[in-house]
Structure formats: C-alpha cells, structure tokens
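# Working through the structure, step by step
Chain by chain, the residues:
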Amino acid sequence: MTPEQNALITRSGPDTSLGKLLRRYWQPIALVEELEGARPAKAVRVLGQDMVLFRDEAGRLGLLDRDCPHRNADLAFGRLEGGGLRCLFHGWLFDVNGNCIETPGEPAGSKLCTRIHQRAYPVVQKSGMVFGYLGDGDAPAFPDLDCFIAPDSHVFAFKGYLDCNWLQALEVGIDPAHASFLHRFFEDEDAAGSYGRQFRAQSADSDMTMTQVLREYENPDISVEKTDIGLRLTSLRALNTGDTHVRVTNLLFPQAFVIPLSETMTITQWHVPIDDVSCYWYAAFTGFAEPVNKEEMRRQRLQLYTLPDYKPRLGRHNDYGYDVVEQRSRTYTGMGEDINVHDQWAVESQGRIQDRTREHLGTTDKAIVAYRMMLMSQMRKSDQGEAPLLVLDATAAAGVTGPATVDGVAKAGEDIQAYWQRTDARRRAQAPWTAPVKASA
C-alpha cells in the first residue's frame, strides 16, 4: 500500500473522500445514558467535527454545531431553557432544528433572529445509542438488522475510547486468526459463569469453550464472500474428532462488524472516528433468548472504562497492565482477562495512524484485503455521486435483515453452510421478538 492509499482510507475530514462517504451513513455519536441526569447536554466530536448534543425540555433531541453563530462561543455549556439551548455569552437561544428563537439584548422589534440559523443535524435514538447524520440531503433508512429491531429489553449498548485511527480498530474485528493468539487463555473457566464475556462460553453443539477451540486449533481456514451488508467471514477449524468448528462473522459496511458473543447473544460494533487519531467503539449486544442483564453487562465493562469519557483504565500510560508472571502462566498477552485490553494494545501499538506501507499481509488477512478494496470502491462510487452500499430507502432497507453469526461445531461430513444456517435459524426460533432473516442469507 502506498502512502497516498493509506491516507485515502484513514483520513475522515469533511473534504476527504472517506469523510464524504462516512457522512452518508448514520453514525453513533453517544449512548442514550449519556443524556441522563440533571443536564442532558454534552459536547461531541465526530469525524473531526465539534457539535453539541442535547435534549430539550420537551424531550426532543438536537445536534448543533458547537460554536454559537453570534461570536463563536461554546454552546456545549449552554443553558437548557426556553425550548432550546441558550448561549451563555449573550443569551441567544436555539431550538433542536437550529432555529434562532431569541436574541436578547437586541433592540425591540429587531429582525436579526430571523436571519440567524445554526447548522443542525438529524438525530435519532435507537438501540440504546444516539445516531447522528452529518451528511447532505436525506439520511438513509436503517436496515432491519437484529440490533435495530430487537426491543430495548434485549439490547444493551456500551462504548469505549481508543487512542488510534478508526480503521486499525475496525480491522482487528475482521481478523479471525488473531483470537487464537491475542485472546489465548491457558486455563479454561466454567462456561456457566461466562455471561457477557467473549470466548468464555461453550460453542454451540459442543462441550468445548470457544477459547479452548481457539487455543488448540490455531490455524483457521478462512473464506470471505460479499453480502448485501458487506462481507461474510467463515472460519473453519478441523477438530481431532473429525467434526468442524464453524465461526461465522460479518463486516457491516461501512465501519462495523457483527460477531457472536455466545449461542444466544451477538455483538454489533461500530468504530467511529473522533478525528483521524482517535475513535470510539460503540457496541450493541443483542439477546435472542432472555432479556439482557444490563446491570451486569455495565458492571463488567465499568471495571475497565471510566466515566464520563469511557476511557480505559489501562493503556500506553501504564503498559496495559502487562505482567510477566501472568504472561508465562495464564494469558498469552500478560494483560489480564479482558479481551478489550488485548485488542486495545494491538491497535494502539500500531501507532495513532498505522503505516500500512510497512506491513506484510498473509493468507489470514484476506478479509482485511477484501474490506480495503470494498472501501476504496465505495469511495469512488460516492465521489461519482452514486449511492454506495447500504445507503437505502425505506423499502430496500426493510429487506436487509439478520445477519447470521455462529460459533458452533458441525458433525463430521455435515454441509457447512447448511449447518450454520440451521444453527442461526434455531437461535432465531427461540427469540421472543421477531428476528427474520432472508432465506438466502
């Protein structure tokens, strides 16, 4: 990869090809819980843009450029009153649509207010997250993916900060081989106590935990195919019994992946640029059986992440908690049990923007290669004024469902595609909410 190509797929400012592409999609910009409390307003920085997100007295969400159009003071400190957000500098008041509704201090009868408008962005609350649309024109419709159609009781949302470019953060999630090493535990735990913890549960149709499979069978046979949402990754590990461990994950274009957490729960995780050298991951954990235990999920994750900024307690500043004794006996990394720390080290250690001119890709990186090619192809379409992948109207979006994610063991001789489709259908059949998926998916 050339320096120019690397810049093309990492730089997301408003005047870049990547930035223009990403602005054609809804972006997660906050968790709903971040607007709870006495003052439902916060500064947000997304794709290098500074904005203020707030909820007015009527409960409506607003997303405005952060600098007041009067003399550019910071609206993130504004007063929530009078049906909108009031600047502290001179009291100018703006509603959720960016309309100026008061300019106190101006002479009686002044028409100045009618000529002032602050840029506002469409914003919706969905799946425990607040999504904003930063592009021009009409926003696309949300596809009927599992994480979007499941009821609130069956979706838990969380986020975390990463001190690096968004792309290297995303690429770790479409790398099926790394889990056999980076997330290797030398001892297995009781799968019954694995709730909410990745790779600790049992694989479907097996008494083996996921981490045992990853540790003992480290060479997956990976295939990648294009789908209506992006890419499907199928990783096969031939077991000594003659059976086959099957793991199906997905790349959700443009910047998310969908993976199994357990037999009854999936993770849909977006990687959203704050700017070119930092990002947040936003994850929606979707349950297909009982409601998600949100208190336990939040408790687990707050052991690593601090509020209000969702920054990790471990990082460059303290060597990610590295312990040489632990590395010899308990974990491959020596960086504790939380795989988020492992991934954080892997992507942050590449530098704040990975220099891809220095990398040497292997066979297991085929999904990364396919995604980079897809990303550049869709940027070209967007630059030419065409609709890129998953920029859909409501009719088309309703036909995009699923996707299937599987971590299970197929019996010797069983057709692999038939196995994962059957396993996915079985999980959907037990969901108390409608979880359709196209037969061809």
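As a starting point, this report considers the structure included with it. (Residues numbered from 1 in each chain as written. Predicted model: local features only at pLDDT ≥ 70, side-chain atom pairs only at ≥ 80, totals over all residues. Heavy atoms only, no water.)

### Thoughts on the sheet that holds strand β3 (residues 49-55)
As a reminder of what qualifies: Pairing between two strands is assigned when DSSP locates at least 2 bridges connecting them. Here a helix means four or more residues in a row that DSSP labels H or I, a strand means two or more in a row labelled E, and each is numbered from the N terminus. Simply put, an axis is a line fit to the C-alpha atoms, just over the touching stretch for a helix, and the angle between two N-to-C directions goes from 0 to 180 degrees.
Pairing is antiparallel across the open sheet formed by three strands, whose spatial order is β2-β3-β4. Whereas interior strands pair on both sides, the edge strands pair on one side only; in this sheet they are β2 (41-46) and β4 (61-65). Each strand of the sheet is rotated relative to its neighbour by a mean of 30°, with strand direction disregarded. By the bridge criterion, six bridges tie β2 to β3 in an arrangement that is antiparallel. Of the residues in β3, the one forming a bridge with A43 is V52.

### Considering empty space enclosed by the protein
Worth spelling out the cut-off: Grid points spaced at 1 Å and placed over the protein atoms alone form the basis of the search, with a cavity being a set where a 1.4 Å probe fits but cannot get out and a pocket an open set showing protein on both sides within 12 Å along at least five of seven lines. Lining residues have an atom within 4 Å of a point. Grid points are joined across faces, edges and corners, and a volume is the space filled by probe spheres set on the points. Residue type decides the class: Asp, Glu, Lys and Arg count as charged, Ala, Val, Leu, Ile, Met, Phe, Trp, Tyr, Cys and Pro as nonpolar, and the leftover types, Gly among them, as polar.
Scanning the model with the defined rule gives two cavities of 30 Å³ or more in all. When the residues that make up the lining of the largest cavity are grouped by side-chain class, the tally is 15 nonpolar, two polar and no charged. Looking at the second largest cavity, its volume works out to about 50 Å³. Listing elements by their share of the lining of the second largest cavity, those giving two or more residues are α3 (146-149) and β17 (265-275). Each residue belonging to the lining of the second largest cavity can be placed in one class, and the counts come to five nonpolar, four polar and one charged.

### Brief notes about the layout of surface pockets
Of the pockets and cavities examined, the largest pocket occupies roughly 780 Å³. Along the walls of the largest pocket sit 43 residues, with Q198, D338, I339, N340 and D343 positioned nearest its centre. Elements that contribute at least two residues to the lining of the largest pocket include exactly β14 (230-238), β15 (244-252), β16 (256-262), β17, β18 (278-287), α6 (294-301) and α8 (339-348). Its boundaries defined by the atoms lining it, the second largest pocket holds a volume of some 330 Å³. If you go around the second largest pocket, you meet 18 residues; those closest to its centre are D175, H178, Q350, D365 and I368. Looking at the lining of the second largest pocket, the elements with two or more residues in it are α4 (166-171), α8 and α9 (366-383). In terms of residue class, the lining of the second largest pocket is made up of eight nonpolar, five polar and five charged.

### What to know about the pattern of salt bridges
In plain terms, the rule: By definition, a salt bridge exists where a carboxyl oxygen of Asp or Glu is found within 4 Å of a side-chain nitrogen of Lys or Arg. Whether a residue is buried, partly exposed or exposed follows from its accessible area with a 1.4 Å probe, protein chains only, as a fraction of its type maximum: under 20%, in between, or over 50%, in that order.
All chains considered together, the criterion is met by 32 salt bridges. Note that R119 is salt-bridged to D136, the shortest N-O span being 3.5 Å. Taken together, the positions of R119 in the loop between β8 (100-102) and β9 (123-126) and D136 in the loop between β10 (129-132) and β11 (144-145) put the pair 17 residues apart, joining distant regions of the chain. You can call D136 exposed: its relative accessible area is 66%. In this structure, the salt-bridge partner of R352 is D163, at a minimum N-O distance of 2.7 Å. Here D163 lies in the loop between β12 (155-162) and α4 and R352 lies in the loop between α8 and α9, a separation of 189 residues in the sequence.

### Focus on the packing of aromatic side chains
Definition in use: In this scheme Phe, Tyr and Trp rings, the latter by its six-membered ring, pair at centre separations within 6.5 Å, and the angle between planes marks the pair as stacked below 30 degrees, edge-to-face above 60, and tilted otherwise. Look at NZ for Lys and CZ for Arg. If either is within 6 Å of the ring centre and within 35 degrees of the ring normal, a charge sits over the ring.
Evaluation of the coordinates by the stated rule reveals 19 aromatic pairs. For the ring pair F156 and F285, a centre distance of 5.9 Å and an interplane angle of 35° mean the geometry is tilted. Of the two residues, F156 is situated in strand β12 and F285 in strand β18; the sequence distance between them amounts to 129 residues. What makes F156 buried here is its relative accessible area of 2%. When its relative accessible area of 3% is taken as the criterion, F285 is described as buried. Over the ring of F142 we find K126; its NZ or CZ atom is 5.0 Å from the centre of that ring.

### Brief notes about a nonpolar patch on the surface
Our working rule: Each patch is built from residues that are more than 30% exposed by relative accessible area and take part in no salt bridge. Like charges join if they lie within 9 Å; nonpolar side chains (Val, Leu, Ile, Met, Phe, Trp, Tyr) join within 5 Å. Computed by Shrake-Rupley with a 1.4 Å probe, the accessible areas treat only the displayed protein chains as cover when residues are assessed.
Together, Y322, V324 and V325 make up a nonpolar patch on the protein surface, roughly 270 Å² of accessible area in all. Note that V325 resides in helix α7 (residues 324-329).

### Topic: helix α11 (residues 416-429)
Counted only if it meets this: Expected helix span is given by 1.5 Å per residue-to-residue step, counting one fewer step than there are residues. Within this analysis, the arc is defined by the directions that extend from the helix axis to the C-beta atoms.
The end-to-end C-alpha distance of α11, which contains 14 residues, comes to 20 Å, matching closely the 20 Å that a straight helix rising 1.5 Å per residue would cover. When we look at burial in α11, the residues that qualify are Y419, W420, T423, D424, R427 and R428. What you see down the axis of α11 is that its buried residues fit within an arc of 165°, all on one side.

### Topic: the pairing of β12
Where burial is concerned, most of β12 is hidden: eight out of the eight residues are buried. The two faces of β12 match: V155, A157, K159 and Y161 on one face and F156, F158, G160 and L162 on the other face are all buried. Here β12 pairs with β18 via eight bridges, running antiparallel. Bridging from a neighbouring strand, G160 pairs with W281 of β18.

### Considering the sheet that holds β10
Reading across the sheet, the three strands line up as β1-β10-β9 and stay open at both edges, with antiparallel pairing between neighbours. If you trace the sheet from one side to the other, it starts and ends with β1 (27-31) and β9, each paired once. Adjacent strand axes in the sheet meet at a mean angle of 35°, parallel and antiparallel pairs treated alike. Inspection of the sheet shows β1 paired to β10 by four bridges, in the antiparallel sense. Across the sheet, the residue bridging to Q27 is G132, located in β10.

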